[in-house]
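# Structural description and commentary
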Amino acid sequence: MIALVGAEFTKAVRRSRSLFFLAALVGLPALITAALHARGARPERDAGEGLFRLAHSSGLLVPAAVLGVMSGFLLVVIAGMIAGEAVAGEAASGNLRYVLIRPVSRARLLVAKAIVSGVLIWVAVILVAVAGLVAGVSLFGWHAVSVPGVRSLTGGSLATGFQLSTGTLLTRLVVATAYVAFGFTGLLAMGTLFSTMTDTPAGAIGATVGVYIVSEILDGITELGRVRYGFPTHYQGAWEALFTENRYSHDLIAGLIVQLAYLAVFGGIALWWFRRKDIRS
Amino acid sequence: MIVEGQIHGGLADGLGMALMEVIAFDEDGNCLGGSFMDYLMATVVRAERPTSARPGEAALVLADGTVVGFVGGECAEASVTAQALGWLGAPGALVVSVDAVVAVTGLSKTFGDVVAVDDLSFAVEPGQVCGLLGPNGAGKTTVMRILVGLEHPTGGESHLFGTRVSPGCRELSRVGAMIEQAAFVPYLSGMANLRLWWEANGSRLRDADLDGALAVAGLGDAVHRKVRTYSQGMKQRLGFARLLLARPELLILDEPTNGLDPGEIREIRELIRRLTESGSTVLLSSHHLTEVEQTCSHVVVMNRGRLAASGTVRDLMGSSGRVYVEVDDRARARAVLEGMAGVGRVVADGDGLGVELHQGRRSDLVTALVGAGVRVETVTGAQRLEDAFLDLLESGTERPRVVG
């Protein structure tokens, strides 16, 4: 299994576009941080922007702000490409049949590909966080953060202020990074399933990203009520409360459970489908 | 020696082989399908082994008294049949061979309403170079894909080295296959592709026949270039290198020269010839009948998913009832042959004459020509496999023709 994972990892990372993504994952956080620094702190205009407003206070909050931005698009596209291409990409090049005419179980091959997809998205998320941290600390410094309370128009207190030490910020940054990375589990499982169902990688990638977009749209329709709790993107922002509200939300646990459920259901279907599929590419 | 017992238990043990892994031929050498095997397994009551029997040989006695020859060993089908009939003394006895490298019994595959393969049975014995022929859409590629576990049959079974094929089964380690065109990870070098493919299931590259494979491919330094820069011929050669890494006992080659230019076709044909000379068993599908004629010892002809004919190339060419005669005086020879009884149409063909023999023998034909003062240079069976092949497809017989 280790050899199979190693082979799949080599195939995944040695694509020429891997370098482009690597540059984007490191360069974009630096660019966003530079832009944030150039704009300067304008609390009256930034009110309500949460993490970006707080990021001016400490470089330790910049990676969280960057993760919030990039987990909504670029990382979704990368997750879609990694998972969508896993099987369909090889089928399109015709190489899949040569991988499968060896004494290799299809289930093991798919699991190996899924492991590689998971590792790569974790690496991508960690790269974003580390790049944001380096850029943030360079430009905004290494400080504790003081979050002011929020008062209502009548003068009553809606939320009390709090302090986040550098140690707390770092710990929560690790938790947030892990949560963001794990938040792609369901999407990867669906992408892997789509990838087994077509020989056209663009189709599998499009379907994967499409599911994310549709989930986001539907999640915005509050009339759908509790149904939204089952959408793969519903709890994706639950980690932000670690920084903006100084608490570990129950939504973090709910988010993990939803992702595991998607992994079990779509991963199971992908395995079942791939094992019985006729390889005709 | 008498072995009695249940077919799935003691009897199979007594014979030292699993009856699920056999393929059967009738007294004419026709390959029998899965329905016969079901019948056989349901009705065998005992197995007998005469003292003269060799390992793997036995007589199976069915419930209705029918005696079935059960023969292993490295015997050619025809000699097996004759031998079994001889020592069984049972007219109409059936012969079962367990040693086929490839055994396909009652194989069917449908895609929706389309029947790609229909109750196909054939076997490839050790050392044979077997051509799988048929027009486009005959089902050849589907059969090959089923044989290497890429597709699941709708009915029937396929076996490699006596083991039923399933996706990723262990016997695939003994098989080198090229299904349609060779394909690789395009952004990796040829060498990286070989290494990755070989090591993916935990094998060590030092255990592979890398030097031999690279020598066969003959790519030189180009093996370190990215595959996307290769011509189709280079990819095909690298494909051969890949399948030879494991020193396979069986090669399954599906249209290996498709899409190549004449020079590349020649190179690949030469490569196949060298491989077959090394004793590998080969199942080869090709549209190039000249290639099959030059390369293969046996052929299996498919038409619309069914078996149209099987046997040796020589006999298939001969079975068309045509002979090709090369003489020094074609006009005189033609006049002589057209006047002979048992001879049909005589047509000019290249440097010689194509002669349809209805009843007469080749020796009669030669005697008549020599008697008329015509020098006979060559007399062969049907002059080209292509003619026999086309005759076979045009005749569209329901029953498969088994020759040889």
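What counts and how
Residues numbered from 1 in each chain as written. Chains lettered and ligands numbered in written order. Predicted model: local features only at pLDDT ≥ 70, side-chain atom pairs only at ≥ 80, totals over all residues. Heavy atoms only, no water. Helix = DSSP H or I, 4+ residues; strand = E, 2+ residues; numbered from the N terminus. Buried < 20%, exposed > 50% of the residue type's maximum accessible area, 1.4 Å probe, protein only. Lys, Arg positive; Asp, Glu negative; His and termini not counted. Charge placed at Lys NZ, Arg CZ, Asp CG, Glu CD. Patch = residues over 30% accessible without salt bridge, like charges linked within 9 Å, V, L, I, M, F, W, Y side chains within 5 Å. Areas by Shrake-Rupley, 256 points an atom, 1.4 Å probe, with all protein chains shown as cover. Salt bridge = Lys/Arg side-chain N within 4 Å of Asp/Glu carboxyl O. Contact = heavy atoms within 4.5 Å. Expected span 1.5 Å × (residues − 1). Pairing = 2+ DSSP bridges. Axes fitted to C-alpha atoms, helices over the stretch in contact; angles between N-to-C directions. Left-handed = near helix turned anticlockwise from the far one by under 90°. Nonpolar A, V, L, I, M, F, W, Y, C, P; charged D, E, K, R; others polar. Phe/Tyr/Trp six-rings, centres within 6.5 Å; stacked < 30°, edge-to-face > 60°. Lys NZ or Arg CZ within 6 Å of the ring centre and 35° of its normal. 1 Å grid on protein atoms, 1.4 Å probe; cavity = no way out; pocket = protein on both sides within 12 Å on 5 of 7 lines; lining within 4 Å. Points joined across faces, edges and corners; volume = space filled by probe spheres on them.

Let us look at the overall build of chain A. From N to C terminus, chain A includes 13 helices and four strands. Taken over the C-alpha atoms alone, chain A extends approximately 70 × 40 × 25 Å along its principal axes. With 281 residues in all, chain A has 48% of them scored as buried. With 22 positive and 14 negative side-chain charges, chain A shows a separation of 9 Å between the mean positions of the two kinds.

Residue and element names in this part refer to chain A. There is a patch of nonpolar side chains on the surface, built from Met1, Phe9, Val13, Val111, Ile115, Val119 and Val123 and spanning about 470 Å² of accessible area. Elements supplying a minimum of two residues to the nonpolar patch: helix H1 (2-13) and helix H8 (106-140). Within the secondary structure, valine 123 sits in helix H8.

A word on the side chain of Thr177(A). Tracing the chain through its elements places Thr177(A) in helix H9 (residues 166-182). Dropping the residues within four chain positions of it, Thr177(A) is found in contact with Leu67(A), Val125(A), Ile126(A) and Ala129(A).

Okay, helix H10 (residues 185-197) of chain A next. Along an α-helix, a turn takes 3.6 residues, which lines up residues three or four apart on a common side. Residues and elements named next belong to chain A. In this model H10 runs 19 Å from its N-terminal to its C-terminal C-alpha over 13 residues, within 8% of the 18 Å that 1.5 Å per residue would give. By the criterion of burial, H10 is predominantly enclosed, with 12 of the 13 residues buried. Among the residues making up H10, those that are buried are Thr185, Gly186, Leu187, Leu188, Ala189, Met190, Gly191, Thr192, Leu193, Phe194, Ser195 and Thr196. Elements that come into contact with the buried residues of H10 comprise helix H6 (74-93), H8, H9, helix H11 (201-219) and helix H13 (250-276).

It is worth spelling out the sheet that holds strand E21 (residues 376-380) of chain B at this point. All names here are of chain B. On the basis of which strands lie adjacent, the open sheet formed by four strands has the order E19-E20-E18-E21 and antiparallel pairing. If you trace the sheet from one side to the other, it starts and ends with strand E19 (343-349) and E21, each paired once. Between one strand axis and the next, the sheet turns by 20° as a mean value, whatever way the strands run. The strands touched by helix H11 (residues 330-338) within the sheet are strand E18 (322-327), E19 and strand E20 (352-357), with E19 carrying the most contacts at an inclination of about 165°.

Residue and element names in this part refer to chain B. All chains considered together, the criterion is met by 19 salt bridges over all chains. The closest approach of N and O atoms between glutamate 249 and arginine 174, which form a salt bridge, is 2.9 Å. With glutamate 249 in the loop between helix H7 (232-244) and strand E14 (250-254) and arginine 174 in the loop between strand E12 (163-164) and strand E13 (175-178), this pair connects stretches of sequence that are 75 residues apart. Arginine 174 gets classed as partly exposed once you look at its relative accessible area, which sits at 29%.

On to the packing of helix H2 (residues 17-39) of chain A against helix H5 (residues 62-70) of chain A. All names here are of chain A. At a closest axis distance of 10 Å, the pairing of H2 and H5 adopts a crossing angle of 115°. Our pair here, H2 against H5, has a crossing hand that is right-handed. Together, Ala24, Leu25, Leu28, Pro29, Ile32 and Thr33 of H2 and Val62, Val66, Val69 and Met70 of H5 make up the contact between the two elements. A per-class count over the contact of H2 with H5 returns nine nonpolar, one polar and no charged.

Applying the stated criterion across every chain, the model contains five aromatic pairs over all chains. Centre to centre, the rings of Tyr229(A) and Tyr235(A) are 6.5 Å apart; their planes meet at 45°, and the pair counts as tilted. Directly above the ring of Phe111(B) sits Arg280(A), whose terminal nitrogen or CZ lies 3.9 Å from the centroid.

Quick look at the layout of surface pockets now. All names here are of chain A. In this structure, the largest pocket spans a volume of roughly 640 Å³. Forming the boundary of the largest pocket are 31 residues, of which Ala12, Val13, Ser18, Ile82 and Leu120 lie nearest the centre. Looking at the lining of the largest pocket, the elements with two or more residues in it are H1, H2, H6 and H8. Looking at side-chain class alone, the lining of the largest pocket contains 19 nonpolar, five polar and seven charged residues.

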